[in-house]
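# Breakdown of the fold
Chain by chain, the residues:
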Amino acid sequence: MSDHRAEHADAWSEPADRPAHEPDRPAPAPAAVTPADTADAARLVAFGLQPKLLPARDAEYAELLRRYRDDPAFARLADAVATGLGLIVLEVSPRAGMAVTAGEDSVFAVRMGDYARRASSDSADRFLHGLAHLAVAAMAFPRPEDLADDAYIGRITVNGVDAFVRQACDRLEQRAEELGDNTDPASDTPGLEAGWRVYARRSATGATKDARRLAGSTTGIIGKAAAFLTDSGFLQRTGDDAGGTYRTTARYQLQVRDMAGTAAMAGLLDLGVVPVTDGSATLLPPPDPDDLELVADAGLPFHG
């Protein structure tokens, strides 16, 4: 009986209690990554490349997100797949899904220059398309705390964005006059200071008798930008009032966070056209409303 107990104790003793001649047992090897694991990780990244797809509407997507959250090895594998495709993982969560953005060298990158060239061959129009995207982002999230709050939802309208940019143009013109620098640069000169005249000269809706929105008008350009953002899963269209009403998505908030530090974004917000004090995100009143022609029924956005 006593011999049996001694043998049992030796079997469960710590390695330090073993005889010196007994070799240490090797640590168990980590579980090998299987082809099925790699396929699941790639599947999750593929879901992330479908910006309109929400995890709540797809059981497989939701399960892969749960696995990403609960299994660090799987999360590293999915991140590696994304990196190999030139993608940057912005967030993985039930609200945003696997939100990814394309790096500059990724085959999935959609560069603003390419987008603008597809929209128009005119250099001035390409500048206006870029400005439209910048203005939508600035008006959707006018304060740093709006970008930091995951529950925040921005709301914009096409006419409201146009009114915002036209008021920004007015503010830039005033600045140029104060600095004695009110020369007339070439219409394709980049930058806010030189480009405000390009926008101010352009008709808001076009010259048709029924004031239909032409593609080359400023509201036409903003409408195209909003439609592109909607197709990309960044905005959701909520109505037709004021040229089209939209609300932001979690993915768009993540994208704007990524671009918030750019000089153009900061310069546009620094004009003070969008207030950053009370969160209402309406336009500030112009010094003399009679001197500023805003779009009729601009439908300025309010944020919830």
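Residues numbered from 1 in each chain as written. Predicted model: local features only at pLDDT ≥ 70, side-chain atom pairs only at ≥ 80, totals over all residues. Heavy atoms only, no water.

## Focus on the pairing of strand S5 (residues 245-248)
- Both strand S3 (residues 155-157) and S5 contribute to a ladder of three bridges, which runs antiparallel. Across the sheet, residue Ile 156 finds its bridge partner in S5, namely Tyr 246.
- Sheet topology places strand S4 (residues 235-239) next to S5; four bridges connect them, and they run antiparallel. Pairing of Arg 237 across the sheet is with Tyr 246, part of S5.
- The hairpin turn running from S4 into S5, its antiparallel successor, is five residues long, and Ala 242 in that turn takes a positive phi close to 55°. (Pairing = 2+ DSSP bridges. Helix = DSSP H or I, 4+ residues; strand = E, 2+ residues; numbered from the N terminus.)

## Here's the deal with the pattern of salt bridges
- Per the stated rule, a full pass over the model turns up 14 salt bridges.
- Salt-bridge contacts for Arg 43 lead to Glu 60; the nearest nitrogen and oxygen are separated by 3.3 Å. On the criterion of sequence distance, the pair formed by Arg 43 in helix H2 (residues 35-48) and Glu 60 in helix H3 (residues 59-70) is long-range, its members being 17 residues apart.
- By relative accessible area, which is 36% here, Arg 43 ends up partly exposed.
- Residue Glu 60 is classed as partly exposed on the basis of its relative accessible area of 40%.
- A salt bridge links Asp 240 to Arg 237; its shortest N-O distance comes to 2.8 Å. (Salt bridge = Lys/Arg side-chain N within 4 Å of Asp/Glu carboxyl O. Buried < 20%, exposed > 50% of the residue type's maximum accessible area, 1.4 Å probe, protein only.)

## Section: the packing of H2 against H3
- For the pair H2 and H3, the least separation of the axes is 10 Å and the interaxial angle reads 115°. Considering how the two elements wind past one another, H2 and H3 form a crossing that is left-handed. Listed contacts from H3 to Asp 37, Asp 40, Arg 43, Leu 44, Phe 47 and Gly 48 of H2 are Glu 60, Tyr 61, Leu 64, Leu 65, Arg 67 and Tyr 68.
- Residue classes in the contact of H2 with H3 are distributed as six nonpolar, one polar and five charged. (Axes fitted to C-alpha atoms, helices over the stretch in contact; angles between N-to-C directions. Left-handed = near helix turned anticlockwise from the far one by under 90°. Contact = heavy atoms within 4.5 Å. Nonpolar A, V, L, I, M, F, W, Y, C, P; charged D, E, K, R; others polar.)

## Some words on helix H4 (residues 72-84)
- Under the 1.5 Å per step criterion, the end-to-end length of H4 is 18 Å for 13 residues, consistent within 8% with the ideal 18 Å.
- Every buried residue of H4 is accounted for by Phe 74, Ala 75, Leu 77, Ala 78, Val 81 and Ala 82. Down the axis of H4, the buried set is contained in an arc of 160°. They therefore lie on one face. Opposite the buried face of H4, by more than 90 degrees, sit the exposed residues Pro 72, Arg 76, Thr 83 and Gly 84.
- Each element contacted by the buried residues of H4 is listed here: H2, H3, strand S1 (87-93) and strand S2 (97-102).
- Of the residues that open H4, the one with a side-chain oxygen 3.1 Å from the backbone nitrogen of Ala 73 is Asp 71.
- Two residues or fewer after H4 comes Gly 86, characterised by a positive phi angle close to 75°. (Expected span 1.5 Å × (residues − 1). Arc of directions from axis to C-beta. Polar contact = N/O pair within 3.5 Å; in protein donor to acceptor, adjacent residues only side chain to side chain.)

## Topic: the packing of aromatic side chains
- This model, assessed by the stated rule, comprises four aromatic pairs.
- Ring centres 5.9 Å apart and planes at 50° place the aromatic pair Phe 141 and Tyr 152 in the tilted group. Of the two residues, Phe 141 sits in the loop between helix H6 (123-140) and helix H7 (144-148) while Tyr 152 sits in the loop between H7 and S3, which places them 11 residues apart along the sequence. Of the two residues, Phe 141 and Tyr 152, neither departs from the other in class, the shared state being buried.
- Counting every residue linked through ring pairs, the aromatic cluster contains Phe 141, Tyr 152, Phe 234 and Tyr 252. (Phe/Tyr/Trp six-rings, centres within 6.5 Å; stacked < 30°, edge-to-face > 60°.)

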